Amino acid sequence: MDNSTKLKDKLCKLFPDFSDEFEDDEELSLHGVFLRFSPVAYEYLSIASRKQMKEFCEIINEGVSSGGELENAISTCFLEHASQIGVRKLIKPFLFDAAKRELR
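Calculation rules
- For every chain, the first residue of its written sequence is number 1, and the numbers climb from 1 along that sequence.
- Residue-level local features of this predicted model are given only where pLDDT is at least 70; pairs of side-chain atoms are given and counted only at 80 or more, and the full residue set underlies all totals for whole chains, interfaces and linings.
- The side-chain numbers reported here are obtained from all heavy atoms of the structure, hydrogens and water having been left aside.
- Only protein atoms enter the 1 Å grid used here, on which a cavity is any set of points holding a 1.4 Å probe that cannot leave and a pocket is any open set flanked by protein within 12 Å on both sides along at least five of seven lines; residues with an atom within 4 Å of a point are listed as lining.
- Grid points are joined across faces, edges and corners, and a volume is the space filled by probe spheres set on the points.
- Secondary structure is summarised from DSSP: a helix means a run of H or I of at least four residues, a strand means a run of E of at least two, and numbering begins at the N terminus for each.
- The patches reported here contain residues having more than 30% relative accessible area and no salt bridge. Joining distances are 9 Å for like charges and 5 Å for nonpolar side chains (Val, Leu, Ile, Met, Phe, Trp, Tyr).
- To measure how exposed things are, a 1.4 Å probe is used in the Shrake-Rupley method; for residues, cover is taken only from the protein chains shown.
- Salt bridges are identified by distance alone: a Lys or Arg side-chain nitrogen within 4 Å of an Asp or Glu carboxyl oxygen.
- For the purpose of charge, His is not counted, nor are the chain termini; Lys and Arg are scored as positive and Asp and Glu as negative.
- Charge positions are represented by NZ for Lys, CZ for Arg, CG for Asp and CD for Glu.
- Each residue is placed in one exposure class: buried if its accessible area under a 1.4 Å probe, protein chains only, is under 20% of its type's maximum, exposed if it is over 50%, and partly exposed if it falls in between.
- Convention adopted: a line fitted to C-alpha atoms gives each axis, helices being fitted over their contacting stretch, and angles between N-to-C directions are expressed from 0 to 180 degrees.
- Here the word oblique covers every angle except those under 35 degrees (roughly parallel), over 145 (roughly antiparallel) and from 65 to 115 (roughly perpendicular).
- Note: crossing handedness is left-handed where the near helix turns anticlockwise from the far helix by less than a right angle, and right-handed where it turns clockwise.
- Whether two residues are in contact is decided by their heavy atoms, any of which lying within 4.5 Å being enough.
- Residues are grouped as follows: Ala, Val, Leu, Ile, Met, Phe, Trp, Tyr, Cys and Pro are nonpolar; Asp, Glu, Lys and Arg are charged; all remaining types, including Gly, are polar.
- Counting of polar contacts relies on pairs of N or O atoms within 3.5 Å, with two restrictions inside protein: one atom must be capable of donating a hydrogen and the other of accepting it, and residues adjacent in sequence are counted only when both atoms are side-chain atoms.

Enquirer: Looking at this model, I keep getting lost on the layout of surface pockets. Mind explaining?
Expert: Where empty space is left in the structure can be found by rolling a water-sized probe over the atoms. Here the largest pocket is characterised by a volume of approximately 190 Å³. Taken together, Asn-3, Lys-6, Leu-7, Lys-10, Leu-30, Ile-59, Glu-62, Gly-63, Leu-70 and Ile-74 make up the full set of residues lining the largest pocket. Listing elements by their share of the lining of the largest pocket, those giving two or more residues are helix H1 (3-14), helix H4 (50-66) and helix H5 (68-77). Take the lining of the largest pocket: its biggest share by element is 4 residues, from H1.

Written out as structure tokens, the structure is:
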């Protein structure tokens with residue numbers, strides 16, 4: 001299983017309706033997964049439980065600290081647009097400093 005599939009599976013486990021954003025057997029890059037998640041992020045995060053929010057931000061924090069393609073996908077396709085998509089204030093309290101630096 002590649003990293004983009006693992007990421008997609010983690011997000012779908014946290015937010016089951018997110019699986020509706022994908023076609024069966026559709027292959028996406030890490031960037032592609034976040035390009036699909038960003039437009040619906042507010043819908044999911046605005047009603048997320050504290051536990052879901054912590055688990056989601058754990059994915060973000062670990063991804064940013066891992067560097068490489070995952071960090072780039074999270075930063076450029078999600079964190080840099082957090083204000084535009086309305087999630088900045090929701091996620092900021094749960095983010096580590098490295099991820100907070102990427103928030104826009």
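Enquirer: Where do I start with a negative patch on the surface in this structure?
Expert: Together, Asp-2, Glu-23, Asp-24, Asp-25 and Glu-27 give the surface a local cluster of negative charge. Structurally, Glu-27 can be placed in the loop between H1 and helix H2 (30-37). For Glu-27, a relative accessible area of 75% gives the class exposed.

Enquirer: In this structure, what is going on with the environment of Ala-48? I would like to understand it.
Expert: Assignment of secondary structure puts Ala-48 in the loop between helix H3 (41-45) and H4. Separated by 34 residues in sequence, Ala-48 and Leu-14 place their C-alpha atoms 9.2 Å apart.

Enquirer: It is not clear to me how the packing of H2 against H5 should be interpreted in this structure. Could you clarify?
Expert: To describe two helices that pack against each other, one gives the angle between their axes and the distance between the axes. Contact geometry for H2 and H5: axes closest at 9 Å, N-to-C directions at 25°. Considered as vectors, H2 and H5 are oriented roughly parallel to each other. The chirality of how H2 crosses H5 is right-handed. Where H2 approaches H5, its residues Leu-30, His-31, Phe-34 and Leu-35 are matched on the opposing element by Glu-69, Leu-70, Asn-72, Ala-73, Ile-74, Thr-76 and Cys-77. Counted by class, the contact of H2 with H5 contains 7 nonpolar, 3 polar and 1 charged residues.

Enquirer: How should I be thinking about the side chain of Ser-75 in this particular structure?
Expert: Residue placement: Ser-75 occurs in helix H5. Taking relative accessible area as the criterion, Ser-75 reaches 3% and is therefore assigned buried. Leave out the neighbours within four places in its chain, and Ser-75 touches Glu-80 and Glu-102.

Enquirer: Is there a simple way to explain the environment of Ser-75 in this structure?
Expert: For the pair formed by Ser-75 and Glu-26, sequence separation is 49 residues and the distance between their alpha carbons is 23 Å. A distance of 2.7 Å separates polar atoms of two side chains, one belonging to Ser-75 and the other to Glu-71.

Enquirer: Would you explain the environment of Cys-57 in this entry?
Expert: Structurally, Cys-57 is set in helix H4. For Cys-57, a relative accessible area of 1% puts it in the buried group. Sequence separation between Cys-57 and Phe-94 is 37 residues, and the spatial gap between their C-alpha atoms is 6.0 Å. Those residues in contact with Cys-57, other than ones at most four positions away along the chain, are Ile-91, Phe-94 and Leu-95.

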